[in-house]
Structure formats: C-alpha cells, structure tokens
Amino acid sequence: MRIDVVTAFPDVFEPIMGSAMIGIARTKGVLEFAAHDLRDWALPGVHRQIDDSPYGGGSGMVLRPEPVFEAVDAVSSMDARPPFVILMSPQGERFTQGRAEDLAGRDRLLILCGRYEGFDERIRSLADLELSIGDYVLTGGELAAMVVADAVTRLLPGVLGGETSIEDESFTTGLLEYPHYTRPAEYRDMDVPEVLRSGDHGRIARWRREQSLLRTARRRPDLLEADGIELTDTERRFIDRALHEHAEDE
Ligand code: ADE
C-alpha cells in the first residue's frame with residue numbers, strides 16, 4: 001500500500017508516521033508513505049501563495065484551487081497506480097472501522113488536508129471520498145489524516161503480529177472488547193478474575209464473550225442494534241437479565 005498526503009505542514013507527519021508500528025510497516029516495505037508540501041505547487045511569486053481572501057467577503061483565508069489541483073496531478077503521476085483520493089473535512093462521512101477495512105484493501109491512497117478557514121469548493125471535485133474523524137472541528141486535516149493512516153496501516157497484512165488480535169477487537173466483531181489482565185494476580189486490592197487463571201479454555205472463552213456483551217450493552221447499546229450484529233437468543237436473554245439485575249443494584 002502506498003499513502004501520499006498533500007499538506008501545508010508536511011513536517012508534522014514524520015514523528016507519528018516514522019515511529020512504532022507505522023515506522024516498522026514502512027521499514028518492512030508493507031507501507032510506502034510520503035507527505036508532500038503544498039507550497040511546492042504555490043502560485044508563482046516570492047510569497048509562495050496558496051490561499052486568498054474569500055469571494056463575497058468575510059474573515060479568514062481560503063485555500064486556492066490551483067496549488068491543490070496541480071499537487072494532485074503531480075503526486076498521482078509519481079506512481080503507476082491511480083490513487084483513491086480522500087479529502088479530510090468535518091463535513092465528510094464519519095470514519096469507521098468498516099471504512100478503514102475498505103481503505104486497507106486498496107493499493108494507493110492520496111489524502112488531502114484542508115487548512116485555514118476553509119478551501120475553495122472546487123477542490124471537493126478532486127475527491128473520491130470526503131472523510132471526517134468526528135463531530136468537532138480541528139485546525140486542519142493533518143491530525144485527521146494521521147488517524148486514518150494509522151487505522152489503515154495496522155490492518156495491512158504482516159503489520160500486527162497475530163491476525164487474531166484484530167479479529168477479536170472492538171468494532172471488528174461489532175462488540176466492545178472484553179477486559180484484559182496480566183500479572184500480578186493481585187494489585188492494590190484488585191484481583192484478576194479467577195476464571196482467567198483456571199486454565200479452562202472453554203470457560204475463559206464463554207466469560208470473554210459475556211464480558212463483551214455486557215460492556216457493549218452498558219457502554220454502547222447502539223452497537224447491539226447495528227446491522228450485521230449476530231447474537232443468539234440466549235445471548236439476548238443474558239443481556240436483558242444482566243441489565244435488569246444491574247438496574248436493581250443501583
Ligand atoms: N478537518 C477539521 N476538522 C476535521 C475533522 N473533524 N475530521 C476530518 N478533517 C477535519
């Protein structure tokens with residue numbers, strides 16, 4: 001997979017995209033990554049202008065279309081594979097694990113970061129997809145682009161050690177993950193549940209499934225109503241009973 005980013009702040013990417021798991025993915029050659037400086041395609045002139053005041057008046061500056069269109073042309077042609085172009089914006093589709101899986105299956109992504117008070121509306125026509133990482137406004141698309149690159153990279157084959165750690169985790173199963181424990185068995189009056197120390201793999205698997213169901217029911221009941229979630233009648237009854245008992249405890 002190759003990911004290119006077009007941004008007015010390319011330097012902010014290297015600390016994140018060069019370390020930990022993403023850095024290893026790049027060293028292994030699973031991920032090729034490059035952040036390109038939008039100013040390389042600035043308007044001619046000493047000021048290397050990339051933005052301008054808005055038509056119709058108002059405060060702030062708006063990203064001009066020419067640098068972005070030229071950057072997309074130039075960066076696209078750096079590789080034979082045509083990129084899937086993503087525009088980061090708070091007006092986009094909400095980013096989810098399902099979308100991360102879809103993007104991880106593509107050969108090449110080109111991510112455009114919005115900046116300043118906004119960008120010229122014509123820039124939208126460059127994008128195959130507009131993505132938001134949540135209902136809040138960041139100062140620019142850079143952090144959002146790194147969130148997307150991180151979530152996608154960890155799904156690439158060979159990046160995480162065991163693929164089962166992905167299969168079990170929150171949002172892949174549609175449920176929140178069960179609690180994890182490691183040594184010591186007792187710490188500050190908090191004990192590791194006995195079942196996890198029992199060595200009984202059947203009991204452990206049942207306990208983990210129940211914990212996932214309970215957590216999801218209590219913290220994110222909306223996930224249990226989502227399409228594609230598969231619960232048995234017994235599991236539905238277990239959740240109802242547990243929530244009912246829990247309500248009586250309070
Ligand atoms: N740019 C500014 N805010 C954003 C958000 N929430 N998601 C994606 N890009 C953004």
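Model, not experiment: these values are computed from the prediction. (Residues numbered from 1 in each chain as written. Predicted model: local features only at pLDDT ≥ 70, side-chain atom pairs only at ≥ 80, totals over all residues. Heavy atoms only, no water.)

What to know about the packing of aromatic side chains
The final tally for this structure, using the stated rule, is one aromatic pair. It is arginine 106 that lies over the ring of phenylalanine 84; its NZ or CZ is 3.8 Å from the centre. (Phe/Tyr/Trp six-rings, centres within 6.5 Å; stacked < 30°, edge-to-face > 60°. Lys NZ or Arg CZ within 6 Å of the ring centre and 35° of its normal.)

Observations concerning a nonpolar patch on the surface
Side chains of Tyr136, Leu138 and Leu143 sit close together on the surface and give an oily, nonpolar patch of about 300 Å² of accessible area. Following the sequence through the fold, leucine 138 ends up in the loop between strand 8 (129–132) and helix 5 (142–153). (Patch = residues over 30% accessible without salt bridge, like charges linked within 9 Å, V, L, I, M, F, W, Y side chains within 5 Å. Areas by Shrake-Rupley, 256 points an atom, 1.4 Å probe, with all protein chains shown as cover. Salt bridge = Lys/Arg side-chain N within 4 Å of Asp/Glu carboxyl O. Helix = DSSP H or I, 4+ residues; strand = E, 2+ residues; numbered from the N terminus.)

What about the environment of glycine 228?
Here glycine 228 lies in the loop between helix 8 (221–224) and helix 9 (233–249). Glycine 228 sits in the exposed class, given a relative accessible area of 72%. Measuring from C-alpha to C-alpha, the distance between glycine 228 and glutamate 101 comes to 15 Å, with 127 residues separating the pair along the chain. (Buried < 20%, exposed > 50% of the residue type's maximum accessible area, 1.4 Å probe, protein only.)

Some thoughts on the pattern of salt bridges
Throughout the structure, instances matching the rule amount to 18 salt bridges. Across the salt bridge formed by arginine 124 and glutamate 121, the nearest N and O atoms sit 2.7 Å from each other. Aspartate 222 serves as the salt-bridge partner of arginine 220, at 2.9 Å between the closest nitrogen and oxygen. Among the charged side chains, a network of salt bridges with common partners joins Arg2, Asp4, Glu32, Asp79, Arg81 and Arg108.

A few points about the sheet that holds strand 5 (residues 84–94)
Overall, parallel pairing links the five strands, which are arranged 2-1-6-5-8 in an open sheet. The open sheet terminates on both sides in strands that have one partner only, identified here as strand 2 (32–37) and strand 8. The sheet shows a mean angle of 30 degrees between the axes of neighbouring strands, taken without regard to direction. Pairing of strand 1 (residues 2–7) with strand 2, which is carried by six bridges, proceeds in the parallel orientation. (Pairing = 2+ DSSP bridges. Axes fitted to C-alpha atoms, helices over the stretch in contact; angles between N-to-C directions.)

Section: the packing of helix 4 (residues 97–104) against helix 5
Between helix 4 and helix 5, whose axes approach to 8 Å, the crossing angle comes to 70 degrees. With respect to each other, helix 4 and helix 5 are oriented roughly perpendicular. Across the interface between the two elements, Ala100, Leu103 and Ala104 from helix 4 touch Val148, Ala151 and Val152 from helix 5. Considered class by class, the residues forming the contact of helix 4 with helix 5 number six nonpolar, no polar and no charged. (Parallel < 35°, antiparallel > 145°, perpendicular 65-115°, else oblique. Contact = heavy atoms within 4.5 Å. Nonpolar A, V, L, I, M, F, W, Y, C, P; charged D, E, K, R; others polar.)

Focus on the site of the ligand
The local shell around the ligand consists of Met88, Ser89, Pro90, Leu131, Ser132, Ile133, Gly134, Tyr136, Val137, Leu138, Gly140 and Ala144. Within the contact set of the ligand, a nitrogen atom lies 3.1 Å away from a backbone nitrogen or oxygen of glycine 134. Within the backbone of leucine 138, an N or O atom sits 3.0 Å from a nitrogen atom of the ligand. In isolation the ligand has 270 Å² of accessible area, and contact with the protein removes 96% of it. Taking a 2 Å distance to the grid points as the criterion, the majority of the atoms of the ligand fall inside the largest pocket. Mapped onto the shell around the ligand, the elements with two or more residues apiece are strand 5 and strand 8. Residue contributions to the shell around the ligand peak at three residues, all from strand 5. Residue composition of the shell around the ligand, grouped by class: eight nonpolar, four polar and no charged. (Near = heavy atom within 4 Å. Polar contact = N/O pair within 3.5 Å; in protein donor to acceptor, adjacent residues only side chain to side chain. 1 Å grid on protein atoms, 1.4 Å probe; cavity = no way out; pocket = protein on both sides within 12 Å on 5 of 7 lines; lining within 4 Å. Sits in = over half its atoms within 2 Å of the grid points.)

Notes on the nonpolar core
Ile3, Leu31 and Leu103 are the most contacted members of the largest nonpolar core, which has 34 residues in total. In terms of residue count, the dominant contributor to this core is helix 5 (seven residues). Not counting residues within four places of it along the chain, the set of residues in contact with isoleucine 3 comprises Leu31, Glu32, Phe33, Ala34, Leu109, Ile111, Ala149 and Thr153. Counting residues in each nonpolar core, the second largest holds 18 residues, with Leu38, Ala42, Ala71 and Val72 among its members. (Core = buried A, V, L, I, M, F, W, Y, C linked by side-chain atoms within 4.5 Å.)

Observations concerning helix 2 (residues 20–28)
Regarding helix 2, the residues found buried are Ile22, Gly23 and Ala25. End-on view of helix 2: buried residues confined to an arc of 160 degrees, all on one side of the axis. Set apart from the buried face of helix 2 by more than 90 degrees, the exposed residues are Ala20, Thr27 and Lys28. The secondary structure elements touched by the buried residues of helix 2 are helix 1 (14–17) and helix 5. Glycine 29 sits one or two positions beyond helix 2 and adopts a positive phi of about 85 degrees. (Arc of directions from axis to C-beta.)

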